[in-house]
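# Structural overview for review
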Amino acid sequence: MHIGLIGGIGVAATVVYYQRLTKAIAAFGAKPELTIVHADVQTLIHNNNANKKAAQAAIYAPLLDRLQAAGADCAAITSLGGHFCFEETKALSPLPLVSAIAPLDQYFAARGIRHIGILGTRSVMATGFFGQLAQTKPVILRDDLQELGLSYQEMAVAGRCTGSQRREFFDAGARMMKAGAEAVVLAGTDLNLAFDGYNPGFPVIDALDVHVDLLARLGAGDLALDAA
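So, a few notes on the structure that sits alongside this text. Not measured: the values here are computed from a predicted model.

Conventions adopted
- Residues numbered from 1 in each chain as written.
- Predicted model: local features only at pLDDT ≥ 70, side-chain atom pairs only at ≥ 80, totals over all residues.
- Heavy atoms only, no water.
- Helix = DSSP H or I, 4+ residues; strand = E, 2+ residues; numbered from the N terminus.
- Buried < 20%, exposed > 50% of the residue type's maximum accessible area, 1.4 Å probe, protein only.
- Contact = heavy atoms within 4.5 Å.
- Areas by Shrake-Rupley, 256 points an atom, 1.4 Å probe, with all protein chains shown as cover.
- Lys, Arg positive; Asp, Glu negative; His and termini not counted.
- Charge placed at Lys NZ, Arg CZ, Asp CG, Glu CD.
- Pairing = 2+ DSSP bridges.
- Axes fitted to C-alpha atoms, helices over the stretch in contact; angles between N-to-C directions.
- Expected span 1.5 Å × (residues − 1).
- Arc of directions from axis to C-beta.

### Things to note about the overall build of the protein chain
Looking only at helices and strands, one finds ten helices and seven strands in the protein chain. A burial count over the protein chain gives 53% of its 228 residues as buried. Taking as baseline every contact in the protein chain between residues at least 6 positions apart, the subset at least 24 positions apart corresponds to 70%. Surface accessibility of the protein chain: about 10,100 Å² in total, with carbon and sulfur atoms responsible for 50%. Both charge centroids of the protein chain, one from 18 positive and one from 21 negative side chains, sit 4 Å from each other.

### Considerations on the sheet that holds strand E1 (residues 2–7)
Strand order in the open sheet made by the three strands is E2-E1-E3, with parallel pairing throughout. The outermost strands of the open sheet, each flanked by one partner alone, are strand E2 (33–38) and strand E3 (74–77). Going across the sheet, the axis of each strand differs from the next one's by a mean of 25°, ignoring polarity. Here E1 runs beside E3; their pairing, made up of four bridges, is parallel. Its bridge partner lying in E3, Leu-5 is registered against Ala-76. The strands touched by helix H10 (residues 207–219) are E1 and E3; relative to E1, the strand with the most contacts, the crossing angle is about 145°.

### With respect to unusual backbone geometry
Outside of glycine, negative phi angles account for most residues, and trans bonds account for most peptide bonds. The omega torsion across Ile-9 and Gly-10 is 0°, close enough to zero to call that bond cis. Along the chain, Gly-10 falls in the loop between E1 and helix H1 (11–27). In this structure, Asn-51 takes a positive phi of about 55° despite not being glycine. Position of Asn-51 relative to the elements: it lies in the loop between helix H2 (41–49) and helix H3 (53–69). You will see that Phe-130, though not glycine, has its phi angle at about 60°, which is positive. Its place among the elements puts Phe-130 in the loop between helix H6 (122–127) and strand E5 (137–139).

### A look at the sheet that holds strand E7 (residues 204–206)
Note: strands within a sheet are paired through backbone hydrogen bonds, in either parallel or antiparallel orientation. Spatially, four strands are ordered E5-E4-E6-E7 in an open sheet, and the strand pairing comes out parallel. Each having just a single partner strand, E5 and E7 make up the two edges of the open sheet. Geometrically, the sheet is characterised by an average inter-axis angle of 35° between neighbouring strands, direction not taken into account. Bridge count for strand E4 (residues 115–120) against strand E6 (residues 183–187) is five bridges, and the pairing is parallel. Following the sheet pairing, Gly-117 is matched in E6 by Val-184.

### Quick look at helix H7 (residues 145–158)
The terminal C-alpha atoms of H7, which comprises 14 residues, lie 20 Å apart, in line with the 20 Å expected from a rise of 1.5 Å per residue. Taken as a whole, H7 has its buried residues at Leu-145, Leu-148, Gly-149, Ser-151, Tyr-152, Met-155 and Ala-156. Around the axis of H7, the buried residues are gathered within 160° of arc, so they sit on the same side. Turned more than 90 degrees away from the buried face of H7 sit Gln-146, Glu-147 and Ala-158, all of them exposed. Looking at the buried side of H7, the elements it contacts are E4, H6, helix H8 (163–178) and helix H9 (192–195).

This is the structure:
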């Protein structure tokens, strides 16, 4: 199956999706069929912060048209924060959209995780994945949302993580664990810049890996779209 990706939000996140997805599809013995289009991260940040769902969906729409014209069978948004207008985008999309959020609740529940710490964009943290967790209770550091969200945003735009930002994220995760979380989910694709190759001292679940696994099974023909 030909997978279409809306990338660029940010660039580092897109690169990681590309790397992990091609590797995962190849592990099934299949050859990846992928097309990536580029969205603007600064525009997404503005619309996300202002909760302009219709405006962002209207930006995604022509990108999805381009993916369809390139032969994609389905599409995905390579940003969890970019899912804030998922339903609005779905209504405009000529292609089936494969959510990165929908599989997470099931993933947590299947592993007996009832309380999950969330690190990511301010909107993802503040809303607990936009209120889409049905079986799992989010653990959120509400007093630190603004600061954490800004640090994440700066890291995503720069495409690199500073030592102080890494320490801030690790400290936040540790405090979530003390507040009752059983694990911390990296709910921002760019967080791989902070966590890859490091041991933060607590269990970490990368939301990107859950999404990539689903997309890889679709891309390899191991899963039908109607079962995704």
